[in-house]
Amino acid sequence: MHLSNRRTNLFSAFIERISYISLFILTACPGLIKPVIAEQMPNIIIFYVDDLGWQDVQINDVDAPCPYDTPNIVKLAESGMNFTQGYSPAPTCSPSRAAINTGRHPAKTRFTHVTLDDRKKGKSTERLIAPYLEAQLDRNLLTSADALKANGYRTGHSGKWHIGLSSASYGFDTVNEDRGIHRRVPDRTKDFATKDDPKYPLSKEKYPPYSDKKPNGISYPYDEVTESAIKFIEQSQGEPFFLDLCHWMVHWPMLSRNGELLEYYCDKFGQPFPPKVGDMTLPGQQNPYFASMVTSVDWSLGKILDFLEKTDDPRVPGKKLIETTYIFFSSDNGGAEKRGKEVLSDNAPLKYGKGHTEGGGVRVPLVISGPGIAAGSQFDGMINQLDFFPTFLSLTDTRIASYDYAELSGLDISSVLHGKSDQVLDADGKEREFLFWHFPHGSGWKSAIRSGDFKLYKRYETDDYELYRPYNDGQRNDFEEANDLAGNPEYASVVERLSGLLEEALVANNAELPYLNPNYADNTKPAAKFGNSSFQKSTRKAQLAIKPKGPKVKEASVIYCDAPSPGKKKKKKRGSKDAVTTAFIPGMRLPATVSADGSSVSAVIPANIDGYCFMLVDENGFMQYSNVAAAK
């Protein structure tokens, strides 16, 4: 269990890790000591969009064409490689972001959803309860920024983080987590940016889309996410750089500060401008606010591409940055389709959307461009964003410790990018057999596996399987996942094979499964009952007794909390200050000691922690939390 491997001095561990990597590079790769040229140390940009669906761009049109204008995404695909079967590591944002940064599967890091530090009790109507997710990504894990920094790269993050703490705590030198133009407005039907806007002035330059009303294009509001990214690139000068550019769009709230762009889509969709107050409820892809955000993200990509095309790479006279930079474009999860009564977009023909392990929740647009990648190329095999980290290492000739490399969950796809292979191969030269997802949470309660033509789901709510065949001999078959084959005897061997692979993957990744909810109204077995609790100031030992009549405790963790306070108060904001040097912080979960007879649990609470609670799992499989207690 990764929690038991925590070092007590994280700062020392971090320095030790980076020093080891640096030493490894210099001793194992003496060629890196001599000056290198840009081709050997290319720049890397991740351009990450929030909630952008596979059918929300104009490069993967299936059935009805995408109505959102994305000329720069199309341009990127035409200059590089489009992956028609690109997947995110998870159906929601935080786990995908953690996975893309660490290269480790969400099941392995136990960072599987956005419900960080959520200790809510289960409802009486819910049979299952989700595992606890720490308030921040484990800081012991090596990130791609750590690795590239040790190889001489300048590292920068711009935009959304949402993995706890700040990106500054995970290897990024330059950090700007501003929301840019994606901030709420009092009235989204009329509160648009102007040329004199103090924070979001409209550009003098004109950009697409073009229309009869605006034949020369329209202006766009100033966007801090985009501009801070360009500034980071500009300031890198002669150093290779790694940029993690993460937009907050096209996530809720649905709005646009660009009145001209919103008017363009209202006209395109045959709707009044300004729009009426209230929810947009037309089905399909007819929400002009969502459309405006998609095109705003596309415009941002265009700004980045334009800067790279016009700017010299000082390391290589005669070459522009676009010629020495890899761009990895994708989305953190599948498209969000609805929020309350408002219809956002539509992932059809894919099933469901964000928050689900079905196709609409994890299949995403994915394009990579850069040196050596054939323009207009396409790859139709399965690719996961977990492949990014090992590919970064290969493209930049970066070395990491063997034990860190062994923990990476993805595969190096550089040979695919450079046209040297038409398959994704592992270190032994074998073709990738499957991808899997683990989402032990309430909107699905499922794990899933995709192998060849088939996709299988393990349903924790009903403890059975679903089987679908999205492809038939590599050709489209059941993208809608409408025909469940699990009960068909003809496919019994497929269910057996895929369920076996999935179970092996869950065990190999130490995946935490859903627990039984002690508050479920129809429980037939009892759950453990708490007895007295105590805290000894001198030893800082916390203890909780379990009442003798009932099941014993099987597993226990202690969760560090903010000190309990009377009344309802806002949760203390946990920023990045001293994030690396402070060993223990609220929201962390560590193993607690269970007594030999299972009648009590205990833990020693660090001196800087003000509160704590226990998370207990009893022998009947019920999970529950004790009340937060003061550590004083």
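Please read these numbers as outputs of a predicted model, since none were measured by experiment.

## Remarks on the sheet that holds strand 4 (residues 154-159)
Turning to step 1, where the next piece is worked out: Strand order in the open sheet formed by 8 strands is 5-4-6-1-7-10-2-11, with mixed pairing between adjacent strands. On the outer flanks of this sheet lie strand 5 (174-176) and strand 11 (377-384), each paired with one strand and no other. For this sheet, the mean angle separating the axes of adjacent strands, direction not counted, is 15 degrees.
Turning to step 2, where the next piece is worked out: Summarising the sheet, strand 7 (residues 325-331) and strand 10 (residues 366-369) pair through 4 bridges and their orientation is antiparallel. Looking at the pairing, Ile327 lines up with Ser369 of strand 10.
Turning to step 3, where the next piece is worked out: Lying over the sheet, helix 2 (residues 71-79) contacts strand 2 (81-87), strand 7 and strand 10, oriented at roughly 55 degrees with respect to strand 10.

## Notes on the confidence of the model for the protein chain
Do not read the predicted coordinates in detail wherever pLDDT is low.
Turning to step 1, where the next piece is worked out: Put simply, the protein chain has an average pLDDT of 92, and 91% of its residues get 70 or more.
Turning to step 2, where the next piece is worked out: Here residues 1-36 is a poorly scored stretch, pLDDT under 50, and it has 60 contacts once near neighbours within four places are set aside; other chains count.
Turning to step 3, where the next piece is worked out: With pLDDT under 50 throughout, residues 576-580 is counted as low confidence; its partners more than four residues away or in other chains account for 10 contacts.

## A look at the environment of Asp484
Turning to step 1, where the next piece is worked out: Mapped onto the fold, Asp484 is located in the loop between strand 17 (475-476) and helix 13 (492-508).
Turning to step 2, where the next piece is worked out: Residues Asp484 and Gly452, 32 residues apart in the sequence, show an inter-C-alpha distance of 16 Å.
Turning to step 3, where the next piece is worked out: Not counting chain neighbours up to four residues away, the residues in contact with Asp484 comprise Tyr465, Glu466, Leu467 and Tyr468.
Turning to step 4, where the next piece is worked out: Within the structure, Asp484 has its side chain in polar contact with the backbone nitrogen of Leu467 (distance 3.0 Å).
Turning to step 5, where the next piece is worked out: Of the polar contacts made by the side chain of Asp484, one reaches the backbone nitrogen of Ala486; its length is 3.0 Å.

## So, the nonpolar core
Turning to step 1, where the next piece is worked out: One finds Phe83, Phe242, Ile368, Val558, Ile605 and Phe614 to be the most contacted residues of the largest nonpolar core, which totals 61 residues.
Turning to step 2, where the next piece is worked out: Top element by residues in this core is strand 21 (residues 553-561). It accounts for 4 residues.
Turning to step 3, where the next piece is worked out: Those residues in contact with Val558 that sit more than four places away from it in its chain are Met588, Arg589, Leu590, Pro591, Ala592, Ala603, Ile605, Tyr612, Cys613 and Phe614.
Turning to step 4, where the next piece is worked out: Of all hydrophobic cores here, the second largest spans 55 residues; its members include Phe47, Tyr68, Ala193 and Ile233.

## Quick word on the pattern of salt bridges
Turning to step 1, where the next piece is worked out: One pass over the structure, following the stated rule, counts 34 salt bridges.
Turning to step 2, where the next piece is worked out: Note that Glu358 is salt-bridged to Lys446, the shortest N-O span being 2.6 Å. Highlighted residues: Glu358 in the loop between strand 9 (342-343) and helix 9 (359-362) and Lys446 in strand 13 (residues 446-451), separated in sequence by 88 residues. For the pair shown, Glu358 and Lys446 are each scored as buried.
Turning to step 3, where the next piece is worked out: A salt bridge links Arg476 to Glu480; its shortest N-O distance comes to 3.1 Å.
Turning to step 4, where the next piece is worked out: Using a relative accessible area of 38% as the deciding quantity, one classes Arg476 as partly exposed.
Turning to step 5, where the next piece is worked out: A relative accessible area of 34% means that Glu480 is categorised as partly exposed.
Turning to step 6, where the next piece is worked out: Beyond isolated ion pairs, a larger network of salt bridges with shared partners links Glu358, Lys446, Arg459, Asp464 and Glu466.

Rules used throughout
Residues numbered from 1 in each chain as written. Predicted model: local features only at pLDDT ≥ 70, side-chain atom pairs only at ≥ 80, totals over all residues. Heavy atoms only, no water. Pairing = 2+ DSSP bridges. Helix = DSSP H or I, 4+ residues; strand = E, 2+ residues; numbered from the N terminus. Axes fitted to C-alpha atoms, helices over the stretch in contact; angles between N-to-C directions. Contact = heavy atoms within 4.5 Å. pLDDT = per-residue confidence, 0-100. Polar contact = N/O pair within 3.5 Å; in protein donor to acceptor, adjacent residues only side chain to side chain. Core = buried A, V, L, I, M, F, W, Y, C linked by side-chain atoms within 4.5 Å. Buried < 20%, exposed > 50% of the residue type's maximum accessible area, 1.4 Å probe, protein only. Salt bridge = Lys/Arg side-chain N within 4 Å of Asp/Glu carboxyl O.

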